[in-house]
Amino acid sequence: MYVVVVFGTWGDLCPLLEYTKRKFPDEDVLVVTHIDLCRRLGDRTHTKLFAVNSLSYKGDKDAELSDLMKLTKDLTTNIPKSIFCNLFALEGIPIAELLGVECVVIGSFFAMDFPRPLGFDKAFGELNSNLDAETIKHWAWRLCLSDHGEFRERLGLPALPERIPLLVYTISPALLELTEKPIPKTVTVVGSYCRPSSLSTADARSATLSNYPHLACFVESCLSRPIVHIGFGSMDSLYPSLTTEVESVQELVAALNSALEKANCYAIWVVNAPNTSLLGKTLSKVPCPRICVIQGPVEYADFFAAGLVMGSINHGGLGTISQVSMAGLKQVVAPFMFDQRIWGNRLARVGVVKCVSESDVIDVDVDEWSALLQWLCCVNNKSDNSKLVEWRDRVLQMIDDR
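I will try to describe carefully the structure that is included in this document.

What counts and how
Residues numbered from 1 in each chain as written. Predicted model: local features only at pLDDT ≥ 70, side-chain atom pairs only at ≥ 80, totals over all residues. Heavy atoms only, no water. Helix = DSSP H or I, 4+ residues; strand = E, 2+ residues; numbered from the N terminus. Contact = heavy atoms within 4.5 Å. Axes fitted to C-alpha atoms, helices over the stretch in contact; angles between N-to-C directions. Parallel < 35°, antiparallel > 145°, perpendicular 65-115°, else oblique. Nonpolar A, V, L, I, M, F, W, Y, C, P; charged D, E, K, R; others polar. Salt bridge = Lys/Arg side-chain N within 4 Å of Asp/Glu carboxyl O. Buried < 20%, exposed > 50% of the residue type's maximum accessible area, 1.4 Å probe, protein only. Phe/Tyr/Trp six-rings, centres within 6.5 Å; stacked < 30°, edge-to-face > 60°. Pairing = 2+ DSSP bridges. Left-handed = near helix turned anticlockwise from the far one by under 90°.

Our next topic: the side chain of Thr20. Looking at the element boundaries, Thr20 is found in helix α1 (residues 10–23). Beyond its immediate stretch of four places on either side in the chain, Thr20 contacts Val4, Pro25, Val29 and Phe84.

Okay, structure coming up:
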């Protein structure tokens, strides 16, 4: 048995699930994550669940640490072969150390996009530690913070580890190259967990339309006018304005609907929050004849391969921008938080993305959305098309199936 410990969003969990599934296809995996993500996982072959009493969109560190202590006790009588954790769940490292098994950290985001605390380098230099300084600066500084040290001490371990485990990036090398920062020799890059669809355009279209019967009627009603994808991933249930501010959500929906009318195009909006969520209820109540809503999660590889959409408006999450890149489509990145604007700006420099100008997506007006939609739907710009093909081929050439 292998153990996977993940805190964060669905987008943080997927890379670890795919990595372990490909590496150990016939082995049992115990997935330790937020209770709502466990519900979303449901029953899967070779997968057991340990639900931590916190939510992906509202973490509770005390509850998480308490449940991790219970997990550790359980594992002492059923020692796993190794433990995998993500950068938000580094408690997996001391648990593995206590059990005497290997731990591997999976990086689904570029660690250096989140800077070290002010004054950390000076404080670390005064420790006279034998830990590799380059690796510490890149990502492992998190192991030197007080909260991590306190958890280690609860397990009866020294506050600092004696060695740093391997970090494995599940990010496309083509995307990592855009950071223009060196990767330490102690870090391995295995490529994105995303993969292009194995289906033909016709088969992908048939599969997508059969999964969402109302979508076929919508596509037919568009009368061959351009259709774009809209989807903000986990932001639907994580970003405060989308979860609690009724007027903000209404303004966003109204602005996009008006922009679609002005640009004379249509949209398939993938909602990754329940129908009962604020965004879900708003889209169901407000008349939006140019928008077709489908409930996520969606198999984006097949969705984008279906030839239904000409481009994507998304939040700039690494999983989404990777999948759209593999499909060779333009993107408008509307970042909400975290590293999303950083990645949007990187891809804008490549020439395959435009970012919204406002720091808060809610503040983007109809004229700007309309101009961005017109850019998404334009197919006659040879320069844009050349950049899209070149970027798509670059991403696809760097897929690693390890």
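One way to put it is that helix α9 (residues 201–211) packs onto helix α10 (residues 213–221) with a least axis distance of 4 Å and a crossing angle of 115 degrees. In terms of axis orientation, α9 runs roughly perpendicular to α10. Of α10, the residues touching α9 (which contributes Arg205, Thr208, Leu209, Ser210 and Asn211) are Pro213, Leu215, Ala216 and Val219. A per-class count over the contact of α9 with α10 returns 5 nonpolar, 3 polar and 1 charged.

A few words on the pattern of salt bridges. Going through the model one piece at a time under the given rule, you end up with 13 salt bridges. Note that Lys70 is salt-bridged to Asp67, the shortest N-O span being 3.7 Å. A residue pair is termed a helical-turn pair when its members lie 3 or 4 positions apart in one helix, as Lys70 and Asp67 do in helix α3 (residues 61–75) at 3 residues. Classification of Asp67 by relative accessible area gives buried; the value is 9%. Across the pair Arg152 and Glu97 runs a salt bridge, and its minimum N-O distance is 3.0 Å. Taken as a pair, Arg152 in helix α7 (residues 146–154) and Glu97 in helix α4 (residues 92–99) lie far apart in primary sequence, 55 residues in all. Residue Glu97 is classed as partly exposed on the basis of its relative accessible area of 33%.

Moving on, we come to the packing of aromatic side chains. Under the criterion given, the structure shown has 16 aromatic pairs. Ring geometry for Phe232 against Trp269: centres 6.0 Å apart, planes inclined by 90 degrees, an arrangement best described as edge-to-face. Placement of the pair is Phe232 in the loop between β8 (227–231) and α11 (235–238) and Trp269 in strand β9 (residues 266–271), with a sequence separation of 37 residues. Trp269 shares its class with Phe232; the two are buried. Measuring from ring centre to ring centre gives 4.9 Å for Tyr239 and Phe336, while their planes differ by 70 degrees; the resulting arrangement is edge-to-face. Highlighted residues: Tyr239 in the loop between α11 and α12 (240–244) and Phe336 in the loop between β12 (330–333) and α17 (340–350), separated in sequence by 97 residues. With a relative accessible area of 11%, Tyr239 lands in the buried category. Among the aromatic residues, those joined into a cluster by ring pairs are Tyr2, Tyr19, Phe24 and Phe84.

Moving on to the sheet that holds strand β6 (residues 166–169). What the 7 strands build is an open sheet, ordered β3-β2-β1-β4-β5-β6-β7; its pairing is parallel. The sheet is open, and its two edges are formed by β3 (47–52) and β7 (187–189), each paired on a single side. Put simply, the sheet's adjacent strands are angled 25 degrees from each other on average, direction ignored. Strands β1 (2–5), β2 (29–34), β4 (82–86), β5 (102–107) and β6 of the sheet are contacted by α1, whose axis makes an angle of about 150 degrees with β4. This element, α3, spans β1, β2 and β3 of the sheet and lies at about 140 degrees to β3.

A word on the sheet that holds strand β11 (residues 311–314). The strand order β10-β9-β8-β11-β12-β13 describes an open sheet built from 6 strands, whose pairing is parallel. Lying at the two open borders of the sheet, with one neighbouring strand each, are β10 (291–295) and β13 (353–355). The mean angle between the axes of side-by-side strands here comes to 20 degrees, regardless of whether they run parallel or antiparallel. Bridging between β12 and β13 involves 3 bridges; their strand directions are parallel. Its bridge partner being in β13, Gln331 is matched across the sheet by Val353. In the packing of α17 onto the sheet, contacts are made with β12 and β13, and the angle to β13 comes to roughly 135 degrees. Each of β8, β11, β12 and β13 is contacted by helix α18 (residues 366–377), which is oriented at about 160 degrees to β12, the strand it contacts most.

Turning our eyes to something else, we now look at the packing of helix α13 (residues 246–263) against helix α14 (residues 278–285). Interaxial distance between α13 and α14 falls to 10 Å at its minimum, and their mutual angle equals 50 degrees. Judged on the interaxial angle alone, α14 and α13 are oblique. When the axes of α13 and α14 are compared, the crossing they make is right-handed. Listed contacts from α14 to Val246, Val249, Gln250 and Val253 of α13 are Leu278, Leu279, Thr282 and Leu283. Of the residues contributing to the contact of α13 with α14, the split by class is 6 nonpolar, 2 polar and no charged.

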